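Structural overview
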Amino acid sequence: HRTNADPVSLPDDGVVLTEKLAKLLDVQPGDTFVMDGESRVEVRVADITEHYIQHYVYMTNAYYETLMGQSCEDNLILADYPMDNPGVDELEKTL
């Protein structure tokens with residue numbers, strides 16, 4: 001958390017929102033809101049985290065499956081790859 005050293009946890013029964021999104025939705029941990037996508041589902045806010053670019057809703061695969069009734073499909077992979085690694089040039093070309 002930005003205001004203290006406590007880690008942000010991502011449980012299987014709620015979502016973590018970015019601060020700005022939580023403010024826009026006027027929600028706090030423990031509140032619920034309706035998330036609209038392919039279907040409308042009510043989700044519980046488990047925690048709030050700082051994030052300075054865009055607005056995000058973070059949830060585990062298990063919570064997604066509980067809400068949507070189907071497995072989630074990954075659409076993004078974040079990786080931290082050392083730039084001094086011998087294979088970095090080849091990886092960059094592949095990506």
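Computed from a prediction, not measured in an experiment: that's the story for all the values here.

Conventions and cut-offs
- Every chain is numbered independently, its residues counted from 1 as its sequence is written.
- Per-residue local features of the predicted model are confined to residues with pLDDT of at least 70, and side-chain atom pairs are confined, for both listing and counting, to 80 or more; whole-chain, interface and lining totals are unaffected and use all residues.
- By convention in this description, side-chain values take in all heavy atoms of the structure and omit both hydrogens and water.
- Secondary structure is summarised from DSSP: a helix means a run of H or I of at least four residues, a strand means a run of E of at least two, and numbering begins at the N terminus for each.
- Between the two quantities, the radius of gyration covers C-alpha atoms and the globule rule is 2.2 Å times the number of residues to the power 0.38.
- Burial classes follow relative accessibility: with a 1.4 Å probe on protein chains only, a residue under 20% of its type's maximum area counts as buried, one over 50% as exposed, and anything between as partly exposed.
- With residues, only the protein chains shown are counted as cover, and all accessible areas are computed by Shrake-Rupley using a 1.4 Å probe.
- Asp and Glu are treated as the negative residues and Lys and Arg as the positive ones, with His and the ends of the chain left uncounted.
- Lys charges are placed at NZ, Arg charges at CZ, Asp charges at CG and Glu charges at CD.
- Whether two residues are in contact is decided by their heavy atoms, any of which lying within 4.5 Å being enough.
- Patches in this entry comprise residues that are over 30% relatively accessible and not in a salt bridge; like charges within 9 Å are linked, as are nonpolar side chains (Val, Leu, Ile, Met, Phe, Trp, Tyr) within 5 Å.
- For salt bridges, the criterion is a side-chain nitrogen of Lys or Arg within 4 Å of an Asp or Glu carboxyl oxygen.
- Two strands pair if DSSP finds at least two bridges between them.
- Scored from 0 to 100, pLDDT reflects the predictor's confidence in each residue.

Comments concerning the overall build of the protein
- Counting its regular elements, the protein contains three helices and four strands.
- Going from N to C terminus, the protein has its helices and strands arranged as β-α-β-β-β-α-α.
- A compact globule built from 95 residues would reach a C-alpha radius of gyration of about 12 Å, whereas the protein, at 17 Å, exceeds it by more than 25%.
- By the burial criterion, 22% of the 95 residues in the protein qualify as buried.
- A total accessible area of about 7,500 Å² is found for the protein, and carbon and sulfur atoms account for 49% of it.
- Each charge class in the protein was averaged separately, 6 positive and 19 negative side chains, and the resulting centres sit 10 Å apart.

Describing the environment of D31
- As for its position among the elements, D31 is in the loop between α1 (19-25) and β2 (32-36).
- A relative accessible area of 31% places D31 in the partly exposed class.
- Dropping the residues within four chain positions of it, D31 is found in contact with D26, V43, R44 and V45.

Comments concerning a nonpolar patch on the surface
- A grouping of L10, Y56 and Y58 is seen on the molecular surface, where their side chains present a nonpolar patch of about 250 Å² in accessible area.
- Classification of Y56 as partly exposed rests on a relative accessible area of 32%.

Brief notes about the pairing of strand β1 (residues 15-18)
- Of the two faces of β1, both are covered, the one formed by V15 and L17 as well as the one formed by V16 and T18.
- With four bridges connecting them, β1 and strand β3 (residues 40-49) associate as parallel partners. If you follow V16 over to β3, its bridge partner there is D47.
- Strand direction decides the pairing type here: β1 and strand β4 (residues 57-58), joined by two bridges, are antiparallel. In the sheet register, L17 faces β4, and the bridge partner there is V57.

Let's talk about the confidence of the model for the protein
- When the pLDDT values of the protein are averaged, the result is 89; 100% of them are 70 or greater.
- Here helix α3 (residues 88-94) is the element of the protein with the lowest mean pLDDT, 82, and β1 is the one with the highest, 96.

Digging into the sheet that holds β4
- Strand order in the open sheet formed by four strands is β2-β3-β1-β4, with mixed pairing between adjacent strands. Each of the sheet's edge strands pairs with one partner strand only, and the pair in question is β2 and β4.

Section: the pattern of salt bridges
- Under the criterion given, the structure shown has two salt bridges.
- The salt bridge involving R40 is made with D36; its shortest N-O contact spans 3.5 Å.
- Judged by relative accessible area, which is 60%, R40 ranks as exposed.

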